[in-house]
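One letter stands for each residue in the lines below.
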Amino acid sequence: MTSIAFNARLRGALLAGAGIALCAAALAPVQEVRAQGAPGELAWADTLPSGLDPHVVFDVPMQLYMLNVYDNLYRYQGNPPELVPWLAESHTMSEDGLTWTFTLREGITFHDGSDMTAEDVVYSFQRVLGLGRGPASAFLSYLQPENVTALDERTVEFVLDTPYAPFLSAIPLVSILNAGLMREHESDEDWGSAWLASNAAGSGAYAFDPASYIPRGNITVERFEDHFLGWAHNDDPIDIVRVPFIAENSTRILALLNGEVQATDSYLPSDQVERVEAADGVHVASDESMRVMVIRMNNGKAPFDNVNFRRCLSHAFNYEGFIDVILQGHAVRNPGPIPQTLWGAPADVPGYSYDLDKAREACDLARSEGAPVDRTVSIHTQSELDLTLQAAQVLQGDARQLGLNIEIVPDTWANMTGSMGSMESTPDMWIHWVSTYFVDPENWIGQMYDSQFHGTWKASSWYDNAEVDELLRTARTVTDEDTRRQAYEAASRIVIDEAADIWIYNTIQMRGMSDRIEGYEFSPVGSGAEFRTLSLTD
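Conventions we followed
- Residues numbered from 1 in each chain as written.
- Predicted model: local features only at pLDDT ≥ 70, side-chain atom pairs only at ≥ 80, totals over all residues.
- Heavy atoms only, no water.
- UniProt positions renumbered as here; feature names shortened; annotations may be inferred.
- Phe/Tyr/Trp six-rings, centres within 6.5 Å; stacked < 30°, edge-to-face > 60°.
- Helix = DSSP H or I, 4+ residues; strand = E, 2+ residues; numbered from the N terminus.
- Buried < 20%, exposed > 50% of the residue type's maximum accessible area, 1.4 Å probe, protein only.
- Lys NZ or Arg CZ within 6 Å of the ring centre and 35° of its normal.
- Pairing = 2+ DSSP bridges.
- Contact = heavy atoms within 4.5 Å.
- Axes fitted to C-alpha atoms, helices over the stretch in contact; angles between N-to-C directions.
- Patch = residues over 30% accessible without salt bridge, like charges linked within 9 Å, V, L, I, M, F, W, Y side chains within 5 Å.
- Areas by Shrake-Rupley, 256 points an atom, 1.4 Å probe, with all protein chains shown as cover.
- Salt bridge = Lys/Arg side-chain N within 4 Å of Asp/Glu carboxyl O.
- Lys, Arg positive; Asp, Glu negative; His and termini not counted.
- Charge placed at Lys NZ, Arg CZ, Asp CG, Glu CD.
- Polar contact = N/O pair within 3.5 Å; in protein donor to acceptor, adjacent residues only side chain to side chain.
- Expected span 1.5 Å × (residues − 1).
- Arc of directions from axis to C-beta.
- Parallel < 35°, antiparallel > 145°, perpendicular 65-115°, else oblique.
- Left-handed = near helix turned anticlockwise from the far one by under 90°.
- Nonpolar A, V, L, I, M, F, W, Y, C, P; charged D, E, K, R; others polar.

Named according to an unreviewed UniProt entry, the protein is ABC transporter substrate-binding protein originating from Aureimonas populi. In the Sequence similarities (unreviewed entry) part of its UniProt record, the protein is described as follows: "Belongs to the bacterial solute-binding protein 5 family." Annotation of the protein in UniProt includes, under Subcellular location (unreviewed entry), the sentence "Periplasm".

If you want it as structure tokens, here you go:
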């Protein structure tokens, strides 16, 4: 298909989809708030987490919150991301890879003025393991709560059940909480989760203001002058940052152009890039990241349990057209689950191409094998992120040429992730990105396609292959990177051949931003939403 024909068909599809988007906005269970801030305040219009407990909620919106309100032992900084000591000043690992010892810095205080000690670190990791949610999936199989101990006030020891190669890479997943404050608010052995859902117990560069909190509406944080890193790095830090949630892209961008907010989220649609770049006083911050867009397919449900049906849909997506036309080239084709910029992604696997003849052939084969190819299947999109709707419409249009019927269902991130506890309740298909929570192939293929993670949103395709399980578990337990690389590459080849999902592109993140912002530093972990380096010019 020519790009002109593709554009024409796509424009039609988008017009048809406008009604869907409007319906989604009307249904979105969120409360919008005043965007305009006081002089000197920063208004950062981004998506908000569904709750405030960093040991429960595990997604990109939570990263914004936890990187500002909480600290961790180590943290990723820069792009490419470098793991640097944070609350810990150093660590050691035993020769067998089982015992890890971290030494805390001196002089760390929480927002309530109490000192942080090794007991707070122990409590935080035991809480993550005890709750078994959010970031726990990275540790549950290798670390028992009783094997996290404080050797003295500044020394914490972790003894793993078996060697776990990504352990240090995953350490930043755990925010360190004020144990004393948390214990005051525990009820019915809930680890204080009911209280922490709308309060904070951190030591981060910014302190949460509970009086201003509107769930999924607004978060306000205030600068913490006693943060352990001090403020010598920033001559004019911002004292108050508000994060209002503005559901509609167009409204969010208009607020930026009008000066009501100083930054948008990092999912700026490509069709709005020129509009922002042409305006005075604002610009687009563009950064290559490690965020893979993927259309998930529920491999446990018919007809997606048929590999040829999945291959059919994989050949039915117009990758080049989507990247070149919709994204205007602001992305890089990524044919598998691991970002091409990271080790472990096989360089010699081209992945699926857009080819309707191959798609038709695969669908015919699936039909001959008894797969119910002709049933209407659903694809859920994120109503606050237009790109997910556009990707669904591209697939829907070409699938229709194959005689397939795909129904687009506007939805919300919180609603979709809440439905993935069982294969039966997980949608047929849904669209999202896998962002950088920690920098290791385990963050992508490891947690997406090892069957032990079924029931989490990352493993929501319900893919099940014993050989892949074995390869991924080997990659986790050996410390030699060459061996790990070979295992991840082998697992990738199988997962791609079996078309477990439709992997589309690796992201160039684009955020609309006021020219008044200085000190912006991007890292794929957190998408550049750390406020402690920022200042605002008049």
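K.L.:
Would you explain the packing of aromatic side chains in this entry?
P.N.:
Two aromatic rings are characterised by how far apart their centres lie and by the angle between their planes. Taken as a whole and judged by the stated rule, the model has 28 aromatic pairs. Ring centres of Tyr449 and Trp503 lie 6.3 Å apart, and the angle between their planes is 80 degrees; on these two criteria the pair is classed as edge-to-face. One end of the pair, Tyr449, is in helix H14 (residues 445–449); the other, Trp503, is in strand E16 (residues 501–514), and 54 residues separate them in sequence. Residues Tyr449 and Trp503 agree in their burial class; the two are buried. It is Arg333 that lies over the ring of Tyr319; its NZ or CZ is 3.7 Å from the centre.

K.L.:
How do you make sense of the sheet that holds strand E9 (residues 218–223) when you look at a structure like this?
P.N.:
As a general point, the strands of a sheet are linked pairwise by backbone hydrogen bonds and lie either parallel or antiparallel. Spatially, E1-E10-E9-E8 is the arrangement adopted by the 4 strands of the open sheet, whose pairing is mixed. Both edges of this open sheet fall to strand E1 (42–43) and strand E8 (206–208), since each of them pairs with a single strand only. Here E1 pairs with strand E10 (residues 240–244) via 2 bridges, running parallel. In the strand pairing of E10, Leu42 is matched with Val241. Across the face of the sheet, helix H2 (residues 60–69) comes into contact with E8, E9 and E10 while running at roughly 115 degrees to E8.

K.L.:
Got a minute to help me understand a negative patch on the surface in this structure?
P.N.:
Together, Asp115, Glu119, Asp152 and Glu153 give the surface a local cluster of negative charge. Looking at the secondary structure, you find Asp115 in the loop between strand E5 (99–104) and helix H3 (118–131). Exposure remark for Asp115: the relative accessible area of 57% places this residue in the exposed category.

K.L.:
Could you clarify how one ought to interpret the side chain of Asp209 in this entry?
P.N.:
With respect to the helices and strands, the residue Asp209 is situated in the loop between E8 and E9. With no salt bridge to any partner, buried Asp209 finds its closest opposite charge in Arg242, at an N-O distance of 9.4 Å. Among the polar contacts made by the side chain of Asp209, one reaches the main-chain amide nitrogen of Ala211 at a distance of 3.1 Å. Ignoring anything within four residues of it in the chain, the contact list for Asp209 reads Thr220 and Glu222.

K.L.:
Explanation requested: the UniProt feature "domain: Solute-binding protein family" (unreviewed entry) in the protein in the structure shown.
P.N.:
Cross-referencing UniProt, the feature "domain: Solute-binding protein family" (unreviewed entry) maps to residues 82–451 in the present numbering. End C-alpha to end C-alpha, residues 82–451 measures 30 Å, and it is 27% helix and 21% strand.

K.L.:
Would you take a moment to explain the sheet that holds strand E15 (residues 429–434) for this structure?
P.N.:
Pairing in this open sheet of 6 strands is mixed, and the strands run E12-E16-E11-E15-E13-E14 from one edge to the other. Since the sheet does not close on itself, it has two edges, and those belong to strand E12 (331–333) and strand E14 (406–411), each with one partner. When strand polarity is set aside, the average angle formed by the axes of neighbouring strands in this sheet is 30 degrees. Bridging between E12 and E16 involves 3 bridges; their strand directions are antiparallel. Bridged to Ala331 within E16 is Thr507.

K.L.:
Could you clarify how one ought to interpret the environment of Ser523 in this entry?
P.N.:
Note on placement: Ser523 falls in the loop between strand E17 (517–518) and strand E18 (535–536). The sequence separation of Ser523 and Asp46 amounts to 477 residues, and the corresponding C-alpha distance is 16 Å. Among all residues touching Ser523, those that are not within four sequence positions of it are Tyr76, Gln77, Gly78, Pro81 and Gly528.

K.L.:
Quick question: what am I supposed to make of the pairing of strand E4 (residues 88–93) here?
P.N.:
Side chains on a regular strand alternate between the two faces of the sheet. With 5 bridges connecting them, E4 and E5 associate as antiparallel partners. Within E5, the position partnered with Ala88 by the bridge is Leu104. From the end of E4 to the start of E5, which pair antiparallel, there are 5 residues, and Gly97 there has a positive phi angle of about 75 degrees.

K.L.:
For this particular structure, what's the right way to read the environment of Trp413?
P.N.:
Mapped onto the secondary structure, Trp413 falls in helix H13 (residues 413–417). With 30 residues separating them in the primary sequence, Trp413 and Ser383 have C-alpha atoms 8.4 Å apart. With residues near it in sequence (within four places) discarded, Trp413 still touches Asp59, Gln382, Glu384, Trp430, His432 and Trp457.

K.L.:
Before we go on, may I ask you to explain unusual backbone geometry in this structure?
P.N.:
Along the chain, Asn79 connects to Pro80 via a cis peptide bond; the corresponding omega equals 5 degrees. Structurally, Pro80 can be placed in the loop between strand E2 (74–77) and strand E3 (82–85). Geometrically, the link from Ala302 to Pro303 is a cis peptide bond, its omega value of 0 degrees lying close to zero. Along the polypeptide, Pro303 turns up in the loop between strand E11 (282–297) and helix H9 (307–316). Despite not being glycine, Asp188 shows a phi value in the positive range, around 55 degrees. Among the structural elements, Asp188 can be located in the loop between helix H5 (179–184) and helix H6 (193–196).

K.L.:
Help me out: how do you make sense of helix H11 (residues 356–368) in this one?
P.N.:
Side chains three or four residues apart in an α-helix point the same way, a direct result of the helix having 3.6 residues per turn. Here H11 contains 13 residues, and its C-alpha end-to-end distance of 18 Å stays within 8% of the 18 Å for a straight helix at 1.5 Å per residue. For H11, the complete set of buried residues consists of Leu356, Ala359, Ala362, Cys363 and Ala366. Taken around the axis of H11, the buried residues stretch over an arc of 120 degrees, which confines them to a single face. Along H11, the residues that are exposed and aim more than 90 degrees away from the buried face are Asp357, Glu361 and Ser368. The elements touched by buried residues of H11 are H9 and helix H12 (386–401). Two residues or fewer past H11, Gly370 is found with a positive phi of approximately 95 degrees.

K.L.:
Help me understand the packing of helix H15 (residues 466–477) against helix H16 (residues 481–497), please; the structure alone is not making it clear to me.
P.N.:
Helix-helix packing: each pair is described by the crossing angle between the helix axes and the interaxial distance. At a minimum axis separation of 8 Å, H15 and H16 run at an interaxial angle of 155 degrees. The angle between the axes of H15 and H16 places the two elements in the roughly antiparallel class. Here H15 runs over H16; the crossing is left-handed. Residues Glu467, Val468, Leu471, Leu472 and Ala475 of H15 form the contact with H16, whose participating residues are Arg484, Ala487, Tyr488, Ala490, Ala491, Ile494 and Val495. Its residues placed into classes, the contact of H15 with H16 shows 10 nonpolar, no polar and 2 charged.

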